[in-house]
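Survey of secondary and tertiary structure
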Amino acid sequence: MRKKLLLITLVLLGAVLLSACGGGPIRGTTWSGLAASGETAYLADVSMVYGINLNDGSEAWQFLDKDDGKAQFYANPVITPDGLVIVGSTGGTHTLYALDPNDVTTENDIKSPATEWTFKGAKGPWAASPLIVGNLLYAPNADGNLYILNLNDGQSQKQAVKVVELGGRLWAQPVTDGQRVFITSLDHSVYAVDIETYELVWHKDLDGAIPGSPAIGSDGMLYVGSLAKQLERFDPETGEHSPVLDTKNWVWSTPVVDGDMLYFGDVDGNFYSFNTATSSLNWSIQPGGAITASAILQNDHLLLVTESGSVYAIGKDSKILWPEEVGGKIYTTPAVANDLILVASLETEFYLAALDSNGRQVWTFPQKK
Amino acid sequence: MWDYFVSLFTNVLLWIYNLLGNGPHMFGVAIILFTILIRIVTWPLNAQQMKGAKAMQDLQNDVEWQKVQKKYAKDREKLAQEQMRVYREKGINPFGSCLPMLVQFPIMIALYQSITHALTSTPLDLLKLSRSIYPFLNVSDLIPLNSNFLWMNLGQPEPYYILAIVVAATTYLQSKLTLPPSTNPNDQSAAMGQSMAITMPLMMGWLALTFPSGLAVYFVTSNILGIVQYAAQGKANWSNLLPKSMQKN
């Protein structure tokens, strides 16, 4: 009798433990999406999207889909020329939202933006940010499809102009050279889609998954890092490709282009400068902590964040100009706006920190009470 | 410590998946082979559980023990003392059938975590997976794993309830086949066993319905292997599957 009761208890305990393992969204399950435009930062964090005033870090508004309790956000929001904030959700209904920060309503002291339109045609999570080209939105989804939407069709429930079936999980924002849109996939593939006809121009496979976006170098070639621990160079017209650099571990981040130089990191924390003109490694350093975010260019130096919770200002000669420990773990590419460096961090009391150009903290969000 | 345990499971799963050639449906096959491996490793424990359960059931049918139960029916303290004495005399370990069961739970939870760990769904999950892969396992080219198996996505609950029904059915079968016959009408243990044969399948079916189908594949495989193990040892009580009127006492 006792043993049977023990069995029931254990089964219930097991169920509870399993439930706890697969429970609802908690902060830290994945990293945040971040963008900034004008006077506002946009942070996609777990179940919320926040508009944050850049001047003091106060909350301008917040968005929560009350109809989809499982919605989570972690792709970087994208801002349209009209000022709409486009952000996709994972979980639940996998909806892509266009929020209007200029049309805010207040309920129970909480300001929320109007939803200008939604797109519910995708079957998978939105991990990638869409790309705006003219009045079209190229939105890759983890269901393996590239959804092309018309931003100016006036529809509130958008239908795709075209669905291009690619394959694999599409986690990275596409890039374009004006003729083709290039999309990477976790199924090891790089795709080129004609920007006029939406036809697949070429499709090539690498030896590893590609979680980051490609970069178009000053030489017009496409550069792609992958989990195969290599940087590959592609001919954008034909897709012919070859490895140009072996890295020490997985390349997650998108290379940032500055003239002939590419700068990118790997998950071992190595940060590389690669010369596309000579096709050779310029230098590499290891500031500390895994690198999943892309570096960004600010004036004459680079800003790099690492998993160890630090921001580094790095000269183009590899010299570290200043390090600043923000805290927590940083995986999201920072943004620069209004002379502020915006850094989204996990496992900290705050979601977002703003630093001045010397790395000194100006404010954090949510604001300290 | 727990993370190392889950990491070990994840790496074994990835290793099997790699051996199988990482094609479509192969992660499901890897889970099945992994379950067989676990069953082989825990075979002695399961055999001990069967032995312990059989000994306890034999005791329930023992005439001397039934007399003792009758004699001390109103003196629970004395009955407990007598029970311990009989256990000692007959060499029965009262926890002999419980300990192997306890081992199953951490395995089940670790397997659940390793399946969800391997079938990463967010960038942070993928980064964490990269840290837990043993360096000698060069499986970077396997990622992301193909989570499709038959009609299922192993990282998601099975949507058509088919697997939940199969889990419940095989759990029911296993429970019924492992219930030894009882001649003691006052045998509370047998009564509880009958009740568990109903509640456990429902519970396991619910788990299969709620959690990733990869875990349900483990349940089904484990149940079938359990039945095979009982049958191989000649301890499967097939008559329990017959209606009561047709069962021989």
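Observations concerning the overall build of chain B
Of the regular secondary structure elements, chain B holds ten helices and two strands. Along the chain direction, N to C, the helices and strands of chain B fall in the order α-α-α-α-α-α-α-β-β-α-α-α. Within chain B, residue pairs in contact and separated by at least 24 positions form 76% of the contacts whose partners lie at least 6 positions apart. Carbon and sulfur atoms form 63% of the exposed surface of chain B, whose accessible area is close to 12800 Å².

A short note on the sheet that holds strand β14 (residues 180–184) of chain A
Residue and element names in this part refer to chain A. Read across the open sheet, the four strands follow the order β13-β14-β15-β16; overall the sheet is antiparallel. Only two strands of the sheet have a single neighbouring strand rather than two, namely β13 (175–176) and β16 (200–205). Taken together, the five bridges between strand β15 (residues 189–194) and β16 define a ladder with antiparallel strand orientation. When the sheet's bridge partners are listed, V190 is paired in β16 with K204.

Quick notes on the pattern of salt bridges
Residue and element names in this part refer to chain B. In total, this model carries nine salt bridges over all chains according to the counting rule given. For R85, the salt bridge goes to E82, with nearest N and O atoms at 2.7 Å. Here E82 and R85 lie together in helix α5 (residues 76–90), a separation of three residues that amounts to about one turn. Overall, R85 belongs to the partly exposed group, its relative accessible area being 25%. For E89, the salt bridge goes to R85, with nearest N and O atoms at 2.6 Å. Within this pair, E89 and its partner R85 are both found in helix α5, separated by four residues, close to a single helical turn.

Quick word on the confidence of the model for chain A
Model confidence for chain A is summarised by a mean pLDDT of 92, while 92% of its residues fall at 70 or above. In the predicted structure, residues 19–26 of chain A sits below a pLDDT of 50 and forms seven contacts with residues beyond four places in sequence or in another chain.

A few points about the side chain of T247 of chain A
All names here are of chain A. Along the polypeptide, T247 turns up in the loop between β20 (241–246) and β21 (256–258). For T247, the side chain forms a polar contact with the main-chain oxygen of N249, separated by 2.9 Å. Not counting the four nearest positions on each side in its chain, T247 is found in contact with K229, Q230, F264, D266 and Y272.

Side note on the sheet that holds strand β12 (residues 162–165) of chain A
Residue and element names in this part refer to chain A. Sheet architecture is open: four strands sit in the order β9-β10-β11-β12, paired in antiparallel fashion. Of all strands in the sheet, those with a lone pairing partner are β9 (131–133) and β12, marking the two edges. Strand after strand, the sheet turns through a mean of 20 degrees between neighbouring axes, direction not considered. Bridge analysis of strand β11 (residues 145–150) against β12 gives four bridges, and the strand direction is antiparallel.

A closer look at the nonpolar core
Among the nonpolar cores identified, the biggest contains 61 residues, and F27 and L126 of chain B are the most heavily contacted of them. Elements with a minimum of two residues in this core: α1 (2–20), α2 (26–41), α6 (99–118), α7 (123–132), α8 (162–177), α9 (188–210) and α10 (213–232) of chain B. Take this core: its biggest share by element is eight residues, from α6 of chain B. Among all residues touching F27 of chain B, those that are not within four sequence positions of it are L13, Y17, I115, A118, L119, L145, N146 and L154 of chain B. Residues A41, M48, L54 and A337 of chain A belong to the second largest nonpolar core, which totals 17 residues.

Quick look at the environment of N141 of chain A
All names here are of chain A. Tracing the backbone through its elements, the reader meets N141 in the loop between β10 (136–140) and β11. The exposure class assigned to N141 is buried, which follows from its relative accessible area of 0%. Taking the C-alpha atoms as reference points, N141 and K162, separated by 21 residues in sequence, lie 13 Å from one another. Excluding residues within four positions of it along the chain, N141 makes contact with A122, K123, G124, P125, W126, Y147 and L170. There is a polar contact of 3.2 Å between the side chain of N141 and the backbone oxygen of P125.

Some words on α2 of chain B
The end-to-end C-alpha separation of α2 of chain B is 22 Å, in line with the 22 Å expected for 16 residues at 1.5 Å each. Every buried residue of α2 of chain B is accounted for by F27, G28, A30, I31, F34, T35, I38 and R39 of chain B.

Concerning the packing of aromatic side chains
Residue and element names in this part refer to chain B. Evaluation of the coordinates by the stated rule reveals 27 aromatic pairs over all chains. Judged by centre distance (6.5 Å) and plane angle (85 degrees), the rings of W206 and F211 are edge-to-face. Take W206: its relative accessible area is 41%, and that puts it in the partly exposed class. Residue class for F211 comes out buried when judged on its relative accessible area of 5%. Cluster of aromatic residues (ring-pair linked, three or more members): W2, F5, F9 and F34.

Details of the pairing of β10 of chain A
Residue and element names in this part refer to chain A. Counting buried positions along β10 gives five out of five residues, so the element sits mostly inside the fold. Side-chain alternation along β10 places L136, Y138 and P140 on one buried face and L137 and A139 on a second face that is also buried. For β9 and β10, the ladder comprises three bridges, and the chain directions are antiparallel. Bridging from a neighbouring strand, I132 pairs with L137 of β10. Between β9 and β10, which pair antiparallel in sequence order, lie two residues; one of them, G134, sits at a positive phi of approximately 65 degrees. The pairing of β10 with β11 spans five bridges and is classified as antiparallel. Across the sheet, the residue bridging to A139 is Y147, located in β11. Hairpin remark: β10 followed by β11, antiparallel, with four residues in the connecting loop; positive phi at G144, about 95 degrees.

Notes on the packing of α2 of chain B against helix α3 (residues 43–61) of chain B
Helix-helix packing is characterised by the crossing angle of the two axes and by the distance between the axes. Residues and elements named next belong to chain B. Closest axis-to-axis distance for the α2/α3 pair is 4 Å, and the angle between their directions is 60 degrees. In terms of orientation, α2 and α3 fall into the oblique class. Between α2 and α3, the residues in contact are R39, I40 and V41 and W43, P44 and N46, respectively. Residues belonging to the contact of α2 with α3 are distributed by class as follows: four nonpolar, one polar and one charged.

Conventions adopted
- All residue numbers here refer to positions counted from 1 along the written sequence of the relevant chain.
- Chains carry letters from A onward and ligands carry numbers from 1 onward, assigned in written order.
- Note on the predicted model: pLDDT of at least 70 is required for a residue's local features to be given, and 80 or more for side-chain atom pairs to be given and counted; whole-chain, interface and lining totals, by contrast, use all residues.
- With hydrogens and water set aside, each side-chain value is computed from the structure's full complement of heavy atoms.
- In this text, helices come from DSSP runs of H or I with a minimum length of four residues, and strands from runs of E with a minimum of two, each type numbered from the N-terminal end.
- Any two residues whose heavy atoms approach within 4.5 Å at even a single point are treated as in contact.
- Note on areas: Shrake-Rupley, 1.4 Å probe, and residue coverage restricted to the protein chains presented here.
- A pair of strands is considered paired only if DSSP assigns at least 2 bridges between the two.
- Salt bridge, as used here: a side-chain nitrogen of Lys or Arg that lies within 4 Å of a carboxyl oxygen of Asp or Glu.
- Burial classes follow relative accessibility: with a 1.4 Å probe on protein chains only, a residue under 20% of its type's maximum area counts as buried, one over 50% as exposed, and anything between as partly exposed.
- Note: pLDDT gives the predictor's confidence per residue, expressed from 0 to 100.
- In protein, a polar contact means a hydrogen-donor-capable atom and an acceptor-capable atom, both N or O and within 3.5 Å, with residues adjacent in sequence counting only if both atoms are side-chain atoms; elsewhere, any N or O pair within 3.5 Å suffices.
- A fitted line through C-alpha atoms serves as each axis, taken over the contacting stretch for helices, and the angle formed by two N-to-C directions is quoted from 0 to 180°.
- Only buried residues count toward a nonpolar core. Its members are Ala, Val, Leu, Ile, Met, Phe, Trp, Tyr and Cys residues joined through side-chain atoms within 4.5 Å.
- To estimate the expected span of a helix, subtract one from its residue number and multiply by 1.5 Å.
- By convention, a stacked pair of Phe, Tyr or Trp rings (six-membered ring in the case of Trp) has centres within 6.5 Å and planes under 30 degrees apart, an edge-to-face pair has planes over 60 apart, and any other such pair is tilted.
- Put simply, angles under 35 degrees are roughly parallel, angles over 145 are roughly antiparallel, angles from 65 to 115 are roughly perpendicular, and the rest are oblique.
- Note on residue classes: Ala, Val, Leu, Ile, Met, Phe, Trp, Tyr, Cys and Pro are nonpolar, Asp, Glu, Lys and Arg are charged, and everything else, Gly too, is polar.

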